[in-house]
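Observations on the three-dimensional arrangement
Single-letter residue listing:
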Amino acid sequence: MDFLSEKKKRLTWWIIGIATSCILIFLGVQNIRAVTSAFSRIVSLISPLILGFAFAVILNVPMRFFESRLWKKTNNKVLKKIRRPLSFIISLIIIIGILVGVIWLVIPELTKAITLIFQGAIEFVNELSAMNEAEIAALPFGNLLLNTDWDEILNKLQIWLKNQSGFIMNTAFDTVGSLVGGIFDLFISFVFSVYILFSKETLKKQASRLVRVWLPEKLGEWLIYASSVAGTNFRNFISGQTLEAVILGVLCMLGMFILRIPYAPMVGVLVGVTAIIPVVGGFIGAVVGAFVIFTVNPVKAVIFLVFLVVLQQLEGNIIYPKVMGSRVSLPGMWILAAVTIGGGIAGPVGMLLSVPVASTAYVLLKEATLNREQRTKKQPSKYTKSFTQEETSANK
């Protein structure tokens, strides 16, 4: 009798929960703009904390490496106490050094390239002003240049700038305000990441305790296991992707030296750093590198693009599988989808973190599917077998 009453009570709570969920979903759809606005507001408020967590995840990889190797067998309490702060400082110096090095190599050359383009445009305008109409007409698009009313264009441009002056000033002030706010948020994120890194064991124990106390046993154990899988995937992905980016950058620089392409050190470093971002990072480095080389030698820019395409094919089919191996169990199609979605949500940071997140979801879903198949003892139907055989024959 008690068993039946307990079963009825659970069924009642289940019905109440389903009804409440349906009502909340209905109200949310009816007020979708308010829900979206509130969600955006919440995300903007906690974005420094999210960014700080991302910093902690990235910094934890080199920090964990140094921490596991510094005075590993010592019994000295002082050395044990300073092991983590020293590992953190070394990791931070390495990352900041890489960023400063990239900026020091790339920004001056990129500025020089843009300056050369402006100088070329000014020289072209000066040469046009010294030509007569017959010489201008002989140029490509010369008739278009002669038939264009430049005075009218300049007048319209002046009127437009005059009308937009207030908007431009407001935009400039908003940009400065956003920059200051961004620097402050970045500082808060960094401090938050330091707290996470220096108390990660305590936070882990507290989170596990909360999960086990407040959630059902099966759900709590699954969340703890999922967190463990996610942590392993994040570490493996970041370490593997960093190693692969270093290899690609070095090979790019050596190839450019052999082909006598200018800006080899700068472009090699740029390609290596951008390659940390999966899939699209190499293309970013290729575009910026080709632009800089084009200002000096357009033919070499074309050679560089062809060389980099060949190198990326070699890297993607031979080097990347060897380096990554089974570190990230995610097919290429889902990597591209994860990078696209992650970039749309959180920009470069989203691109960087999207692959291990998707890999974790993929592993957990795969394990859950296998467990469900074993539990229910479901076998593939004749339709599934036929479809699988067709796919296998097509791949062959």
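Cut-off values and rules
Residues numbered from 1 in each chain as written. Predicted model: local features only at pLDDT ≥ 70, side-chain atom pairs only at ≥ 80, totals over all residues. Heavy atoms only, no water. Helix = DSSP H or I, 4+ residues; strand = E, 2+ residues; numbered from the N terminus. Buried < 20%, exposed > 50% of the residue type's maximum accessible area, 1.4 Å probe, protein only. Contact = heavy atoms within 4.5 Å. Areas by Shrake-Rupley, 256 points an atom, 1.4 Å probe, with all protein chains shown as cover. pLDDT = per-residue confidence, 0-100. Core = buried A, V, L, I, M, F, W, Y, C linked by side-chain atoms within 4.5 Å. Salt bridge = Lys/Arg side-chain N within 4 Å of Asp/Glu carboxyl O. Phe/Tyr/Trp six-rings, centres within 6.5 Å; stacked < 30°, edge-to-face > 60°. Patch = residues over 30% accessible without salt bridge, like charges linked within 9 Å, V, L, I, M, F, W, Y side chains within 5 Å. Axes fitted to C-alpha atoms, helices over the stretch in contact; angles between N-to-C directions. Parallel < 35°, antiparallel > 145°, perpendicular 65-115°, else oblique. Nonpolar A, V, L, I, M, F, W, Y, C, P; charged D, E, K, R; others polar. Lys, Arg positive; Asp, Glu negative; His and termini not counted. Left-handed = near helix turned anticlockwise from the far one by under 90°.

The subject of this paragraph is the overall build of the protein chain. Secondary structure summary: the protein chain contains 14 helices and 0 strands in total. A total of 396 residues make up the protein chain; the buried ones form 24% of that total. Considering only intrachain contacts with a sequence separation of at least 6, the fraction spanning at least 24 residues in the protein chain is 68%. When the accessible surface of the protein chain is split by element, carbon and sulfur atoms take 70% of a total near 28,100 Å².

It is worth spelling out the confidence of the model for the protein chain at this point. Caution applies to low-pLDDT parts of the model: their predicted coordinates are not meant to be read in detail. For the protein chain, per-residue confidence averages 76 on the pLDDT scale, and 77% of positions sit at 70 or higher. In the model of the protein chain, helix 14 (residues 382–395) stands out as the element of lowest mean pLDDT, 45, in contrast to helix 8 (residues 200–214), which has the highest, 85. Confidence over residues 382–388 falls short of pLDDT 50; this stretch has 1 contact with residues more than four positions distant or in other chains. Counted against residues more than four places away or in other chains, residues 390–396, with its pLDDT under 50, gives 0 contacts.

Turning next to the nonpolar core. By size, the foremost hydrophobic cluster in this structure holds 24 residues, and its most contacted members are Cys252, Met256, Val267, Ile293, Phe304 and Leu308. Only helix 3 (77–130), helix 9 (217–258), helix 10 (264–274), helix 11 (281–294) and helix 12 (298–324) provide two or more residues apiece to this core. With near-sequence residues (within four places) excluded, Cys252 lies in contact with Gly268, Val271, Phe304, Phe307, Leu308 and Leu311.

Moving on, we come to the pattern of salt bridges. Inspection of the entire model under this criterion finds 4 salt bridges. In this structure, Glu67 and Lys200 form a salt bridge, with 4.0 Å as the shortest nitrogen-oxygen distance. Of this pair, Glu67 sits in helix 2 (residues 32–67) while Lys200 is found in helix 8, placing the two residues 133 residues apart along the sequence. When the shortest N-O distance is used, the salt bridge between Glu201 and Arg84 registers 2.6 Å. In this pair, Glu201 sits in helix 8 while Arg84 sits in helix 3, placing the two residues 117 residues apart along the sequence. By relative accessible area, Arg84 is classed as buried at 14%. Several salt bridges converge on common partners, so that one network encompasses Glu67, Arg84, Lys200 and Glu201.

Time to look at the environment of Ala264. Turning to its location among the elements, Ala264 is positioned in helix 10. In this structure the C-alpha to C-alpha distance between Ala264 and Gly249, which are 15 residues apart in sequence, comes to 10.0 Å. When neighbours within four sequence positions are excluded, Ala264 is seen to be in contact with Met253, Met256 and Phe257.

Moving on to the packing of aromatic side chains. Across all of its chains, the model carries 3 aromatic pairs by this definition. The interplanar angle of 75° and the centroid separation of 5.3 Å between the aromatic rings of Phe65 and Phe66 together place this pair among those described as edge-to-face. Exposure remark for Phe65: the relative accessible area of 40% places this residue in the partly exposed category. Relative to Phe190, the ring of Phe88 lies with its centre 6.3 Å away and its plane at 40°, an arrangement referred to as tilted. Of the two residues, Phe88 is situated in helix 3 and Phe190 in helix 7 (residues 165–198); the sequence distance between them amounts to 102 residues. Phe88 sits in the buried class, given a relative accessible area of 8%. By way of ring pairs, the aromatic residues Phe88, Phe190 and Phe198 are connected into one cluster.

The buried fraction of helix 10 is high, at 8 of 11 residues. For helix 10, the set of buried residues is Ala264, Met266, Val267, Gly268, Leu270, Val271, Gly272 and Thr274.

What follows deals with a nonpolar patch on the surface. On the surface, Leu210, Val213, Trp214, Leu215, Leu219, Trp222 and Leu223 cluster together to form a nonpolar patch covering roughly 720 Å² of accessible area. Secondary-structure elements contributing two or more residues to the nonpolar patch are helix 8 and helix 9. By secondary structure assignment, the location of Trp222 is in helix 9. Residue classification places Trp222 among the partly exposed positions, given a relative accessible area of 43%.

Here we come to the packing of helix 2 against helix 9. For the pair helix 2 and helix 9, the least separation of the axes is 10 Å and the interaxial angle reads 75°. In terms of axis orientation, helix 2 runs roughly perpendicular to helix 9. Residues Val57, Ile58, Asn60, Val61 and Arg64 of helix 2 pack against Phe234, Arg235, Ile238 and Ser239 of helix 9. Residues that form the contact of helix 2 with helix 9 fall into these classes: 5 nonpolar, 2 polar and 2 charged.

Residue placement: Arg83 occurs in helix 3. Buried within the structure, Arg83 lacks any salt-bridge partner; Glu67 is the closest side chain of opposite charge, at an N-O distance of 6.0 Å. Excluding residues that lie within four positions of it along the chain, Arg83 makes contacts with Glu67, Leu70, Trp71, Lys72 and Thr74.

Turning to the packing of helix 8 against helix 9, a few remarks are in order. Contact pair helix 8 / helix 9: the axes reach a minimum separation of 7 Å and the direction vectors enclose 155°. In this view, helix 8 runs roughly antiparallel relative to helix 9, as classed from their interaxial angle. Seen along the crossing, helix 8 lies across helix 9 with a hand that is right-handed. Together, Ser208, Val211 and Arg212 of helix 8 and Gly220, Glu221, Leu223 and Ile224 of helix 9 make up the contact between the two elements.

Residue placement: Val357 occurs in helix 13 (residues 332–376). Take Val357: its relative accessible area is 46%, and that puts it in the partly exposed class. With 19 residues separating them along the chain, Val357 and Ala338 place their C-alpha atoms 8.3 Å apart.

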